Amino acid sequence: MIVRELDILVLSDLHMGTNQCRAGRLYKYLKTVKPKMLILNGDIIDFWLLDLKSWPRKHNKILGYIFNLMVEKVPIYYLPGNHDDYLKQFAGFKFHNFSLQNELILDLDGQKTWFMHGDKNDKSVNGSKRSLAIRAGKAFDKLVGFNRFINDWEKFLGKRAETNFSKSLKDKSKSAIKKGNDFEQQYIEEAAKRNIDTLVCGHLHKPGITRLCSIETKKDIDYLNSGDWTENCTSLEYVNGKWSLYRYKYNYTEHESTLKNVRFEQSDIYPFLQQKD
C-alpha cells in the first residue's frame, strides 16, 4: 500500500457514534495518508445522537488512528461544530500536540487561512431551533439505518446498491437551509474584513473548492468545504502549497474500494453559490 504524505489533512462531519458515519471507508482512506497536521473541523463525534451503549466498535479504529498521530507528535486541532458543541466551552484546552479551539488561523505559504466549522451564524441549528434540529437529526439517523438495510439487501440479491433517499433528503435540506439562511456570505464578508485569503469550512456536507467575492470590499476569498464522511466521503488535502479535494469512490459492481484524488473546477461545485460581481 502506498502511503501519501500530506502537509495538512482536514476532516469534518464524521458524525461518529451514529449510523451515518462511513467509518469503514474512512479508515481505509486514513491508512493511505500520513499528515503532518490534522484539522478536525467539527461534527467529529455526534453528541446530539450519541449513545455510548450502542457505540459502533469499528469507530474505535478512527479514534485509534487519531491517538496514534498524537503519539507521533503530529499537531492536531479540534474545532467543534454544532453536533459536538458541548466541547466549545473547553476552547483553549491543550494537551501536548492536541489543541481544542473554536477556530484556527494559519499562515500557509503566505496565504492567511481561516478554519472553522461554519455553524456559528446558522440560524437553523442555533438558539430556539437547536432542540428541533436535534430531533430532526435523530429521525434522519434512523432513516440512514433503514437506507443501509435496503442497500445490504440489494447487494445480497446481486443488484447494485443505488437506493439513497437519505442522501437526497440531506442534500435538499442543506440546500434549503443555505438558501434561506445566507450565513456563508456572512463568513465571506467577515473574512474579507479580517484580510483572510482562504476560508475552510464543513457543516453543509457540500464538498468543494471555489472562489467567492466580498460584496462590501470586493476582495476574492478562496472558499473550501471539506464535505463529510456520511454520504460524500470527502476530505481536504494540502500538499506543496496547493489544496485539493479528495473523494472516496466505491465500486459496487466489483465490491472493491478505489481511491481517487480529484481537482474540481468552480463550475462543478456549489451550483447555488455564484461568484459575486
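What this report covers is the structure whose coordinates are included nearby. What you see as residue numbers is a count from 1 along each chain, following the sequence as written. Confidence filtering applies because this is a predicted model: local features only for residues at pLDDT of at least 70, side-chain atom pairs given and counted only at 80 or more, and all residues used for totals across whole chains, interfaces and linings. Excluding hydrogens and water, the side-chain figures rest on all heavy atoms present in the structure.

Overview of helix α5 (residues 183-193)
Of all the eleven residues making up α5, eight are buried; the element is thus mostly covered by neighbouring parts of the structure. Type-normalised accessible area, obtained with a 1.4 Å probe on protein chains alone, sets the label of each residue: buried when under 20%, exposed when over 50%, and partly exposed for intermediate values. Numbering goes from the N terminus for both helices and strands, where a helix is a DSSP run of H or I of at least four residues and a strand is a run of E of at least two. Listed as buried for α5 are Phe183, Glu184, Gln185, Tyr187, Ile188, Glu189, Ala191 and Ala192. The first or second residue beyond α5 is Asn195, which carries a positive phi of 60°.

Here's the deal with the packing of helix α1 (residues 23-30) against helix α2 (residues 60-71)
Every axis corresponds to a line fitted to the C-alpha atoms, with the helix fit spanning only the stretch in contact, and the corresponding angles, defined between N-to-C directions, vary from 0 to 180 degrees. For the pair α1 and α2, the least separation of the axes is 9 Å and the interaxial angle reads 30°. Here α2 runs roughly parallel to α1, going by the angle between their axes. Note on packing geometry: the crossing formed by α1 with α2 is left-handed. Counting all contacts with α1, which are made through Ala23, Leu26, Tyr27 and Leu30, the residues of α2 involved are Lys61, Ile62 and Tyr65. Along the lines of polarity and charge, the residues of the contact of α1 with α2 split into six nonpolar, no polar and one charged. Throughout, the term roughly parallel applies to angles under 35 degrees, roughly antiparallel to angles over 145, roughly perpendicular to angles from 65 to 115, and oblique to all others. Crossings are sorted by hand: turned counterclockwise from the far helix by less than a right angle, the near helix makes the crossing left-handed, and turned clockwise it makes it right-handed. Contact definition: two residues touch when any of their heavy atoms are within 4.5 Å. Residue polarity follows a fixed list, in which Ala, Val, Leu, Ile, Met, Phe, Trp, Tyr, Cys and Pro are nonpolar, Asp, Glu, Lys and Arg are charged, and the others, Gly among them, are polar.

Details of the pattern of salt bridges
Salt bridge, as applied in this entry: a Lys or Arg side-chain nitrogen positioned within 4 Å of an Asp or Glu carboxyl oxygen. Enumeration according to the criterion identifies nine salt bridges in this entry. Note that Glu216 and Lys193 form a salt bridge whose closest N and O atoms lie 3.4 Å from each other. Taken together, the residues span a long stretch of sequence, with Glu216 in the loop between β11 (208-213) and β12 (220-225) and Lys193 in helix α5 at a distance of 23 residues. Close ionic contact of Lys219 with Asp197 constitutes a salt bridge, the shortest N to O distance being 3.3 Å.

Examining the environment of Thr210
The residue Thr210 is located in strand β11 in this model. A relative accessible area of 4% means that Thr210 is categorised as buried.

Structural notes on unusual backbone geometry
Here the phi dihedral of Asp43 falls at roughly 55°; this positive angle occurs in a residue that is not glycine. Structurally, the position occupied by Asp43 is in the loop between β4 (38-40) and α2. Located in the positive-phi region is Asp109, a residue other than glycine, with phi close to 50°. Checked against the element boundaries, Asp109 lands in the loop between β8 (104-108) and β9 (111-115).

Digging into the sheet that holds β11
Sheet strands line up and pair through hydrogen bonds in the backbone, either parallel or antiparallel. Pairing is mixed in the open sheet, where five strands are placed in the order β8-β9-β10-β12-β11. Strands with a single pairing partner mark the edges of an open sheet, and in this sheet they are β8 and β11. For this sheet, the mean angle separating the axes of adjacent strands, direction not counted, is 25°. Alignment of β9 against strand β10 (residues 198-201), held across three bridges, turns out to be parallel. Across the sheet, Thr113 pairs through a bridge with Thr198, a residue of β10. Those strands touched by α5 are β9, β10, β11 and β12, and its axis lies near 130° from that of β12. In this analysis, strands are considered paired if DSSP registers two or more bridges between them.

Quick word on the environment of Leu38
Among the secondary structure elements, Leu38 is positioned in strand β4. In this structure the C-alpha to C-alpha distance between Leu38 and Pro75, which are 37 residues apart in sequence, comes to 6.4 Å. Discounting chain neighbours no more than four positions away, the residues touching Leu38 are Leu9, Leu11, Ile66, Leu69, Val74, Pro75, Ile76 and Tyr77.

Concerning the side chain of Asp46
Within the secondary structure layout, Asp46 lies in the loop between β4 and α2. Between N or O atoms, a polar contact is any pair within 3.5 Å; within protein, one atom must be a potential hydrogen donor and the other a potential acceptor, and residues adjacent in sequence are included only when both atoms are from side chains. At 3.2 Å, the side chain of Asp46 forms a polar contact with the backbone nitrogen of Trp48.

Digging into the nonpolar core
Take the buried residues of types Ala, Val, Leu, Ile, Met, Phe, Trp, Tyr and Cys, join any two whose side-chain atoms come within 4.5 Å, and each joined set is a nonpolar core. Membership of the largest hydrophobic core comes to 30 residues, with the highest contact counts inside it found for Leu11 and Tyr29. Those elements that provide at least two residues to this core are β2 (8-11), α1, β4, α2, β5 (76-78), β7 (98-100) and β14 (242-251). Considering every element that reaches this core, the biggest residue donor is α2, with five residues. Those residues in contact with Leu11 that sit more than four places away from it in its chain are Leu26, Tyr29, Leu30, Leu38, Ile39, Leu40, Asn41, Ile44, Ser226, Trp229 and Ser235.

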